[in-house]
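# An overview of the molecular structure
Listed below, chain by chain, are the residues.
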Amino acid sequence: MSDVNQNTAPWSPAPTALLTDHYELTMLQAAVRDGTAQRRSVFEVFSRRLSAGRRYGVVAGTGRFLEGLEHFRFEGDRLEFLQRSGVIDASTAQWLADFRFSGQIDGYAEGDAWFPNSPILRIEGTFAEACVLETYVLSVLNYDSAVASAASRMTSAAGDRPCVEMGSRRAHEDAAVAAARAAAIAGFTGTSNLEAGYRYGLSTIGTAAHSFTLLHDDEEAAFRSQLDSQGLSTTLLVDTYDVEAAVRKAVELAGPELGAVRLDSGDLVVQASMVRDLLDSLGNHRTRITVTSDLDEYAIAGLAAAPVDAYGVGTRLVTGSGVPTSSMVYKLVARENRAGDLEPVAKRAAGKGSVGGRKTALRRRDTDGVATHEIVGVGTVPLDDGDDRPLMHAFVRDGQVLDGWTGPAAVERARRRHADSMAELPRAATRLSEGEAVIPTIMES
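Residues numbered from 1 in each chain as written. Predicted model: local features only at pLDDT ≥ 70, side-chain atom pairs only at ≥ 80, totals over all residues. Heavy atoms only, no water.

## Quick word on helix α11 (residues 243-254)
Over its twelve residues, α11 runs 16 Å from end to end, which matches the ideal 16 Å to within 8%, given 1.5 Å per residue. Elements that come into contact with the buried residues of α11 comprise α10 (219-230), β8 (235-237), β9 (260-263) and α12 (268-281). The N-cap residue of α11 is D242: its side-chain oxygen and the backbone nitrogen of E244 are 3.3 Å apart. (Helix = DSSP H or I, 4+ residues; strand = E, 2+ residues; numbered from the N terminus. Expected span 1.5 Å × (residues − 1). Contact = heavy atoms within 4.5 Å. Polar contact = N/O pair within 3.5 Å; in protein donor to acceptor, adjacent residues only side chain to side chain.)

## Structural notes on the packing of helix α1 (residues 22-34) against helix α4 (residues 90-97)
Across the interface, α1 lies against α4 with an axial gap of 10 Å and an inter-helix angle of 105°. With respect to their mutual orientation, α1 and α4 come out roughly perpendicular. Counting all contacts with α1, which are made through L25, L28, Q29 and V32, the residues of α4 involved are T92, W95 and L96. When grouped by side-chain class, the residues that make up the contact of α1 with α4 number five nonpolar, two polar and no charged. (Axes fitted to C-alpha atoms, helices over the stretch in contact; angles between N-to-C directions. Parallel < 35°, antiparallel > 145°, perpendicular 65-115°, else oblique. Nonpolar A, V, L, I, M, F, W, Y, C, P; charged D, E, K, R; others polar.)

## Details of the packing of aromatic side chains
Counting across every chain of the model gives nine aromatic pairs. Residues W95 and F99 carry aromatic rings whose centres are separated by 5.8 Å and whose planes lie at 40° to one another, so their mutual orientation is tilted. The exposure class assigned to F99 is buried, which follows from its relative accessible area of 3%. An aromatic cluster of three or more residues is present, and its members are F65, F72, F74, W95, F99 and Y136. A cation over a ring is seen here: R181 above Y200, with NZ or CZ 5.2 Å from the ring centre. A cation over an aromatic ring shows up here: R413 above the ring of W405, its NZ or CZ 3.7 Å from the ring centre. (Phe/Tyr/Trp six-rings, centres within 6.5 Å; stacked < 30°, edge-to-face > 60°. Buried < 20%, exposed > 50% of the residue type's maximum accessible area, 1.4 Å probe, protein only. Lys NZ or Arg CZ within 6 Å of the ring centre and 35° of its normal.)

## Remarks on the sheet that holds strand β17 (residues 392-397)
Within the open sheet, the seven strands sit side by side as β13-β12-β1-β5-β3-β17-β18. Their pairing is antiparallel. Looking at the sheet topology across the chains shown, the edges are occupied by β13 (342-344) and β18 (400-401). Pairing of strand β3 (residues 104-108) with β17 involves four bridges; the strand directions are antiparallel. Bridging across to β17, Y108 finds its partner in M392. The strands touched by helix α2 (residues 62-69) are β3, β5 (121-126), β17 and β18; relative to β17, the strand with the most contacts, the crossing angle is about 15°. Those strands touched by helix α6 (residues 134-158) are β1 (40-47), β5 and β12 (328-336), and its axis lies near 140° from that of β12. (Pairing = 2+ DSSP bridges.)

Right, dumping it as structure tokens:
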């Protein structure tokens, strides 16, 4: 079997080439004119810092970017639009008409942890073909990684209790799908978003909202209808009117086989304790309690001692729990000079400098397998001291997306990588208080 990607998603993305900024194409046009467009170049995606005092970040979005890369084409009315609106001239349009990315892409596996200056993605090709990818790469990785990083903090706070994603109504419709995928990578067990289920094979969940109860003449009629339709294992929403009365009615109708009840308002710690005691007194020891209502990692941690069985998270998840971007940047770090040699280049602006040179990385671990440092080799491959883990993986070779990095298979692979990466980090990584990166980054040349 060829190692070219065989695990594509069961859907076809729309053309992605115009999901970019105007100046990517004005740079391209100038480079085509002056002859530098074909210079070999190395671009890297990294972040100078972790957000909001967090101790690690989680990589997500690479698979979505690779799916979109295969549809990154300038064709038909899109190319005509660029010419008609004066964005590009005729010679640049001719160059774009034949555009196919033909270079190499390597980077951190989705689900892995990242730290300041980690070379999360490395794109190598001509200046022209790497330049035009900048905005699309960053828009995908910045959002997806922000959601995955927040989701990771939530699943860590939840411990063995499952978290499910239900934030679609709080995000742009496309972002909602991306958020569900990113949350799954970080350990969420299901999503309310059906499109995410279709594209990526995620488990979808959902039962009924308060409107369903309000539709019926009384709560009993609503509960009977739901039980008749979905079976006794369903989850009944019990806080539309009076929680205690609703729980008693739910048990009366479904008996001890009732799957779960959901709480979506009030003091969840107090409510959950009262409902657990009531369920147990009625003989429903196996009926679970799910809580929702604007949860984040702090609220989940605050519910650790409460008799809660699962968490449903929406708004705070799809907005990165207050950090909606990962502040990743895309910088040229090496390019071909007039002599035909690849040489490092770097930005020196105050507070926004970069480190020139093609980079690779490994995670240094102690004899117990616990991560101690992020080692980034600049222009060289850092040496393994015995138990280090290489972090860079090949995603694209000669323009071809390699097998296993897109579609449903990639999400499951990333989920496993996230679990292994979290187990590898020092215990301090799970602290929710603000602090420094849990391991330092060392640049070696």
